[in-house]
Amino acid sequence: MNAYYITTAIPYVNARPHVGFALEIVQADALARYQRLFGRDARFLTGTDDNSLTNVQAAEREGVPVAELVARNAKSFEALKDQLNLSHDDFIRTSTEERHRRGVVKLWRACEAAGDIYKKRYQGLYCVGCEQFYTPDELADGKCPDHGTEPESIEEENYFFRLSRYQGQLEQLIESDAYHIVPKTRKNEVLSFIRSGLQDFSVSRSIQRAKGWGIQVPDDPSQVVYVWFDALSNYINALGYADQGPLYRKYWTECPERVHVIGKGIIRFHAVYWPAMLLSAGVPLPHKLLVHGYITINGQKMSKSLGNVVEPEAAAARYGSDQLRYYLLSEVSTTGDGDYSDARMAQRINSDLANDYGNLASRIFKMVESYCGGLVPEVTKMRHDDQELKSLALGLGDKVEGLVEQFDLNGALSAVMDTVKATNRYVESNAPWKLFKQGDQERIDTVLNTAAETLRVCSLLLYPAMPGKCKQLLDQLGTDGEPSLEQAKTWGLVRPGTRVAVGEPLFPRIDAKTTLRLRSGLEKEGGKRMEEESKTKEEVKSEKENVLSGEELVDIDYFKKVKLRTADVISAEKVEGADKLLRLQIRIGEDTRQILAGIAQWYPPESLVGKQIVVVANLKPARIRGLESNGMLLAAQDQEGVVILTPERRTESGSRIK
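A quick note: this is a predicted structure, and the numbers were derived from the prediction, not measured. (Residues numbered from 1 in each chain as written. Predicted model: local features only at pLDDT ≥ 70, side-chain atom pairs only at ≥ 80, totals over all residues. Heavy atoms only, no water.)

Asks: A description of the overall build of the protein chain should follow, citing residues and the corresponding values.
Replies: Of the regular secondary structure elements, the protein chain holds 23 helices and 25 strands. For the protein chain, the residues scored as buried account for 55% of the 658 residues in total. In the form shown here, the protein chain has an accessible surface area of approximately 28600 Å², with 48% of it arising from carbon and sulfur atoms. (Helix = DSSP H or I, 4+ residues; strand = E, 2+ residues; numbered from the N terminus. Buried < 20%, exposed > 50% of the residue type's maximum accessible area, 1.4 Å probe, protein only. Areas by Shrake-Rupley, 256 points an atom, 1.4 Å probe, with all protein chains shown as cover.)

Shown next, in the form of C-alpha cells:
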C-alpha cells in the first residue's frame, strides 16, 4: 500500500482543548480514515506543544509548577482520542520525550553546519500569545492582529536563522505547488509575504525569559530553543528523525504524500519558516499544507470572559462524538471560517442524521422485519429505477474519493447525503407498504434489497466521518472486514438471508429545549464570596437566628440573580499547604471549571468524585492561595459539622435549581 502521512499542528497546553482544535483534529482524522478506506497505509500524528512561554505564564497565574500544568492539560488533549473517536497512530509531547529533544538538537546542528544559524543582539516587539516578533506595520493599532494585545518590547542576544537566504527557493516551491498550499487564497497570502522580503528570525530565547523552561540550545546553556523551531520538528521527530529510523524513511523520506493540517493563524510558521529550516538541514519538505479557518460561537469569537468557550468533551458528551464530528465536517467549511451553535447542531442532527440517514436505516430494517421475516431478501428482477439507484450508489465511491483528494470534506459528505435522500425518495415512491397490501412480494424484495445495498455503500463512505455509528450499521448489514472503497464499488455484499433487527434509533432527535447551553459568565452579577474556611458554632448560630428573625430579607428579583445549578464532580484533590481546602474539577452542563471548597476536614477527596452537587454558577472568579475558584458549592453546617447539598436524585448536569 502507498504510504500517506498526515499531522495536526501541536497546540499549546496553557488551557484545555476547545472546539477550534477539535475541528482540526477531526478533519485530520477523517482524512486519515478516508485514505485508509482508499487502500493507503496512512499514518496520523498529533500531540502537544509543551515548551511555549504561554504555558509558563499560565502556570504562573495558577501558582503551579509548569510541568504540572503542562502534564494536566496535555492529558486533556490525549483524552480526545476516546472522546472524539480518533484514530491517530502516535501522540508526541515535546517536553517529556527524548526522541523529540534529540531531533531538535540534530536539526539545530544541521542548520548550524549549513551556516544558517548565527548570534546577534536584537530588539523587537514580541507577542507571547503568538510566540512571534512583529514589525510595527504588522500591528493593528499597535496591537497583535490575532490576540488584540500590545506586544512586549524585547531586547536580548539570541541566535538567528538565515531565512532571507531561502526567499527565492521558497517562492518557487510554493508558486509551482511543489509545496502545495490549500486553499489558493492562503497560497497567495504566503507568496505575498515572501515577496515583501524575508527577514532572518530569532530561534532562541534567554534562559531567564523562558524561566528555565524549554530545550537547551546545543553547547549554550544560557539559551533555550525558540518554541517554533522546537515544535515544528515534532513532525519528523515522532518518526525517528534523530536516528533516521524505518518509520522516518517510510513516512517521510520515501513517502509520496506528506500532509500538514493547520489553522490559518500559524500559516507563516508552516509555509515559510518550516520549509526553510528543512531546506537548510537537507531534509525533504512536506508536500501539502491544508489550512482551515476559525470557529466562532453563535457568531462571536470564543472567549473565556464571554463564557462561550465550547469544550469538545462536553459537546461530545451532550450530542455524541459522531454527531459532533459530522457537524464539524459538514457545517464548517474545510478551508474557511465557520460557526458553532447549539441550535444549528440540533438542526443538523435532526435533519441530516435523524430524518434522513437514521430514518432510512430504521425504515429499511422495519420493513424487512415486517414484510420479509427479518431476513434481507433476494433480488429477482430489477426495473429502471432500481438500476438508476444502483448506478448512483456505485458511482459514489469515485466521486467521494475525488472530493477528498481535493480536501473537500464538505462536498464529500454532501454527495453521500444526497444519495441517502435519493434512497429515501426511492423507498417512498415504491411504497413497500402498498406492495404488501397488493401481495407483490417479488417487488418488495427487490426494493428493500436495493435500498439496503445503497445504505451499505453510503455507510461505508460516511464511515471516516462517523466511525462509531456507521460501523454499527455496517455490522447490522453483515458487512465483513475493514471498510474499504472496493466494498463501496461492489454491489451485492449484503447477503440475502442476513438477519436484521430494528433497534434503538441510530440518531435520536434533539429536543430544541435541550440545546440551551448552560455557561458561566453569560449573566455575571455582583455577589460576595463566602469564606472558604469553616465558621465557629457561635457564628453559625448567630446567622441562623438572623435569618429566622427576618433580618436581611431579599426580594424574589434579587434572589433570581443567583444561578444555582447541579454539577458533577470530575476530580478532587487537596490543595498543598492548606489543611481545609479541596480543589474540585466540576462539570456544569457543557462547562468544565475549577472550584475551591473548605471541606477537607469533612470529606476525603476520593469520596467526592462522581458525586452530584449544587453550586452557585455565576459568582465572579476569585483567587485563593494563588488558585482560581470559579463558582461555589453549597453546604449546610451545624454543630455536627458540614454536609454538602445534593439533589434527591441524579439530574442532568447543569440543571437549574429553583
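What follows picks up the thread again.
Asks: With reference to specific residues and values, describe the sheet that holds strand E23 (residues 632-633).
Replies: A sheet is described by the order of its strands in space; here five strands give the open sequence E19-E18-E17-E20-E23, paired in antiparallel fashion. For this open sheet the edge positions go to strand E19 (591-597) and E23, each flanked by a neighbour on one side alone. (Pairing = 2+ DSSP bridges.)

Asks: Talk me through helix H20 (residues 467-476); I want residue IDs and the actual numbers.
Replies: Of all the residues in H20, the buried ones are Pro 467, Lys 469, Cys 470, Leu 473 and Leu 474. Along its buried surface, H20 packs onto helix H1 (19-37), helix H13 (321-330), helix H14 (342-371) and helix H19 (441-462). Gly 478 sits one or two residues past H20 and shows a positive phi near 75°. (Contact = heavy atoms within 4.5 Å.)

Asks: With reference to specific residues and values, describe the packing of aromatic side chains.
Replies: Given two aromatic rings, one states the distance between the centres and the angle between the planes to describe the pair. In the structure shown here, the tally under the stated rule is 18 aromatic pairs. An aromatic cluster is built from Phe 161, Tyr 166, Phe 201, Tyr 226, Trp 228, Phe 269 and Tyr 273, whose rings are joined through pairwise contacts. Its guanidinium or amino end placed over the ring of Tyr 241, Lys 106 lies 4.9 Å from that ring's centre, counting from NZ or CZ. In this structure, Lys 469 packs its charged tip against the face of Phe 507, placed 5.6 Å from the ring centre. (Phe/Tyr/Trp six-rings, centres within 6.5 Å; stacked < 30°, edge-to-face > 60°. Lys NZ or Arg CZ within 6 Å of the ring centre and 35° of its normal.)

Asks: Please set out unusual backbone geometry residue by residue, giving values where relevant.
Replies: For the peptide bond that leads from Val 182 to Pro 183, omega is 5°, which places it in the cis range. By the secondary structure assignment, Pro 183 is in the loop between strand E7 (180-182) and helix H7 (184-195). Here the phi dihedral of Asp 177 falls at roughly 70°; this positive angle occurs in a residue that is not glycine. Note that Asp 177 resides in the loop between helix H6 (167-175) and E7. A relative accessible area of 32% places Asp 177 in the partly exposed class. The backbone of Asn 298 sits at a positive phi, close to 50°, despite the residue not being glycine. With respect to the helices and strands, Asn 298 occurs in the loop between strand E14 (295-297) and strand E15 (300-301).

Asks: So what's going on with the packing of H13 against helix H17 (residues 409-430)? Which residues, and what values?
Replies: Interaxial distance between H13 and H17 falls to 8 Å at its minimum, and their mutual angle equals 115°. One way to sum up the angle between H13 and H17 is to call them roughly perpendicular. Residues Tyr 326, Leu 329 and Ser 330 of H13 form the contact with H17, whose own contacting residues are Leu 409, Asn 410, Leu 413 and Met 417. Of the residues assigned to the contact of H13 with H17, the class counts are five nonpolar, two polar and no charged. (Axes fitted to C-alpha atoms, helices over the stretch in contact; angles between N-to-C directions. Parallel < 35°, antiparallel > 145°, perpendicular 65-115°, else oblique. Nonpolar A, V, L, I, M, F, W, Y, C, P; charged D, E, K, R; others polar.)

Asks: Go over the environment of Lys 211, please, and point to the residues and values.
Replies: Mapping Lys 211 onto the fold places it in the loop between strand E9 (204-206) and strand E10 (216-217). Taking C-alpha positions, Lys 211 is 8.5 Å from Leu 53, a pair spaced 158 residues apart along the chain. Once you skip the residues sitting within four places of it in the chain, Lys 211 turns out to touch Val 56 and Glu 60. A polar contact of 2.7 Å, which involves the side chain of Lys 211, links it to the side chain of Glu 60. (Polar contact = N/O pair within 3.5 Å; in protein donor to acceptor, adjacent residues only side chain to side chain.)

Asks: If you had to explain the pattern of salt bridges to someone new, which residues and values would you point to?
Replies: Enumeration according to the criterion identifies 41 salt bridges in this entry. Where Glu 62 meets Arg 72, a salt bridge forms, and the shortest distance between an N and an O atom there is 2.8 Å. With Glu 62 in helix H2 (residues 53-62) and Arg 72 in helix H3 (residues 66-78), this pair connects stretches of sequence that are ten residues apart. The partly exposed category is assigned to Arg 72, whose relative accessible area is 30%. Look at the salt bridges and you will find they share partners, linking Arg 16, Glu 311, Glu 313 and Arg 587 into a network. (Salt bridge = Lys/Arg side-chain N within 4 Å of Asp/Glu carboxyl O.)

Asks: Can you tell me about the sheet that holds strand E2 (residues 41-48), naming the residues and giving the values?
Replies: Strands sit in the order E3-E2-E1-E12-E13-E7 across an open sheet of six strands; the sheet is parallel. Of all the strands in the sheet, just strand E3 (90-93) and E7 have a single pairing partner and so form its edges. Averaged over all neighbouring strand pairs, the angle between strand axes comes to 20°, with direction disregarded. For E7 and strand E13 (residues 288-292), the ladder comprises three bridges, and the chain directions are parallel. Considered in E13, the bridge of Ile 181 is made with Leu 289.

Asks: For the confidence of the model for the protein chain, give the residues involved together with the corresponding values.
Replies: The predicted model of the protein chain averages 88 in pLDDT, with 88% of residues at 70 or higher. When the criterion is pLDDT under 50, residues 516-551 qualifies, and its contacts beyond four places in sequence or with other chains add up to 61 contacts. (pLDDT = per-residue confidence, 0-100.)

Asks: Account for the state of the cysteines, naming residues and giving values.
Replies: Within this structure, the stated rule accounts for zero disulfides. A disulfide-free cysteine, Cys 458 has its sulfur positioned 9.7 Å from the sulfur of Cys 470, the nearest such atom. (Disulfide = S-S within 2.5 Å.)

Asks: Go over the nonpolar core with me, naming the residues and quoting the values.
Replies: Soluble globular proteins tend to bury their nonpolar side chains together. By size, the foremost hydrophobic cluster in this structure holds 112 residues, and its most contacted members are Tyr 340 and Tyr 357. Grouped together as the second largest cluster of nonpolar side chains are 58 residues, Ala 3, Trp 108, Leu 191 and Tyr 226 included. (Core = buried A, V, L, I, M, F, W, Y, C linked by side-chain atoms within 4.5 Å.)

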